[in-house]
Amino acid sequence: ALFADYAARFDEYVEVKSKIGATHPQISATLSMIEPQLEALHQRVDASGNEEFDEVNRTTTQAANLFAIGSAAAIVFMLLIAWAVWRGILGLVNRTVDFSANIAAGDFTKRLVIGEGADEFSRIGQALNQMAENLQRHILRLEEMSRLQRRFTSDVSHELRTPLTTVRMAAD
């Protein structure tokens, strides 16, 4: 802003000098004496202004480039984190699906391995493992009852055949 203000003032000086020179030759002569110093000062300000502007421009460009690189790196980092979380969740879901398929196929011996915790996946894993244990226990009880029922039926059948055989022999 300082350099722009100085340049505007210098342009005003040149304009005023041309107007005054026509009407007041003495003032014009005095201004002509200091004009070389003003011109030299103007050139120095112009040169330093351009250097400073170039430096500011370089700094701004570097900052913009760093911001773009940093933003791209942050986006890549966030995408990697999102991918890792997504893979972790999909891994848990896939293990849960495989476990459910084993239960549907009648294999109650396998258990779902999910870390202990209070999150939803841990609670689902614990509930599914408990369900598999309960189903396995009930199936074993039903198999035992079925075996006892077959044995009872066999024993009753044998016990009933013996008296019937005796009655038939007596009737003959």
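Re the overall build of the chain
And step 1. For the chain, the helix and strand inventory stands at three helices and zero strands.
And step 2. Written out in order from the N terminus, the α and β elements of the chain read α-α-α.
And step 3. When the 172 residues of the chain are sorted by exposure, 12% land in the buried category.
And step 4. Pairs at least 24 residues apart make up 48% of the contacts formed inside the chain by residues separated by at least 6 positions.
And step 5. Summed over all atoms, the accessible surface of the chain reaches about 13800 Å², with 65% contributed by carbon and sulfur.

Considering the pattern of salt bridges
And step 1. Here the structure, examined in full by the defined rule, presents three salt bridges.
And step 2. Residue Lys110 is joined to Asp107 by a salt bridge in which the shortest nitrogen-to-oxygen separation is 3.2 Å.
And step 3. The class of Lys110 is partly exposed, set by a relative accessible area of 43%.
And step 4. In this structure, the salt-bridge partner of Arg147 is Glu144, at a minimum N-O distance of 2.4 Å. Of the two residues, Arg147 and Glu144 are both situated in helix H3 (residues 120-171); the distance of three residues between them amounts to about one turn of the helix.
And step 5. Using a relative accessible area of 35% as the deciding quantity, one classes Glu144 as partly exposed.

Let's talk about the confidence of the model for the chain
And step 1. Residues of the chain with pLDDT of at least 70 account for 79%, and the chain-wide mean is 80.
And step 2. Confidence, expressed as mean pLDDT per element, reaches its minimum in the chain at helix H1 (residues 2-23) with 67 and its maximum at H3 with 85.

Topic: the side chain of Thr96
And step 1. The topology assignment puts Thr96 in helix H2 (residues 25-104).
And step 2. Excluding residues that lie within four positions of it along the chain, Thr96 makes contacts with Leu112, Ile114, Ile124 and Leu128.

Points about a nonpolar patch on the surface
And step 1. A cluster of nonpolar side chains, contributed by Ile75, Phe77, Met78, Leu79, Ile81, Val85, Ile89, Val93 and Val97, occupies part of the molecular surface with about 820 Å² of accessible area.
And step 2. Position of Ile89 relative to the elements: it lies in helix H2.
And step 3. On the basis of relative accessibility, which here comes to 33%, the residue Ile89 falls in the partly exposed class.

So, the environment of Ala132
And step 1. Its place among the elements puts Ala132 in helix H3.
And step 2. Sequence-distant contacts of Ala132, defined by excluding residues within four places in its chain, comprise Phe99, Ile103, Phe108 and Arg111.

Some points on the nonpolar core
And step 1. With eight residues, the main nonpolar core is built from Leu92, Phe99, Ile103, Phe108, Leu112, Ile114, Leu128 and Ala132.
And step 2. When residues of this core are traced back to their parent elements, those giving at least two are H2 and H3.
And step 3. For this core, the leading source of residues is H2, giving three residues.
And step 4. Setting aside residues no more than four positions away along its own chain, Phe99 makes contact with Lys110, Arg111, Leu112, Leu128, Asn129 and Ala132.

Rules of the game
- Residues numbered from 1 in each chain as written.
- Predicted model: local features only at pLDDT ≥ 70, side-chain atom pairs only at ≥ 80, totals over all residues.
- Heavy atoms only, no water.
- Helix = DSSP H or I, 4+ residues; strand = E, 2+ residues; numbered from the N terminus.
- Buried < 20%, exposed > 50% of the residue type's maximum accessible area, 1.4 Å probe, protein only.
- Contact = heavy atoms within 4.5 Å.
- Areas by Shrake-Rupley, 256 points an atom, 1.4 Å probe, with all protein chains shown as cover.
- Salt bridge = Lys/Arg side-chain N within 4 Å of Asp/Glu carboxyl O.
- pLDDT = per-residue confidence, 0-100.
- Patch = residues over 30% accessible without salt bridge, like charges linked within 9 Å, V, L, I, M, F, W, Y side chains within 5 Å.
- Core = buried A, V, L, I, M, F, W, Y, C linked by side-chain atoms within 4.5 Å.

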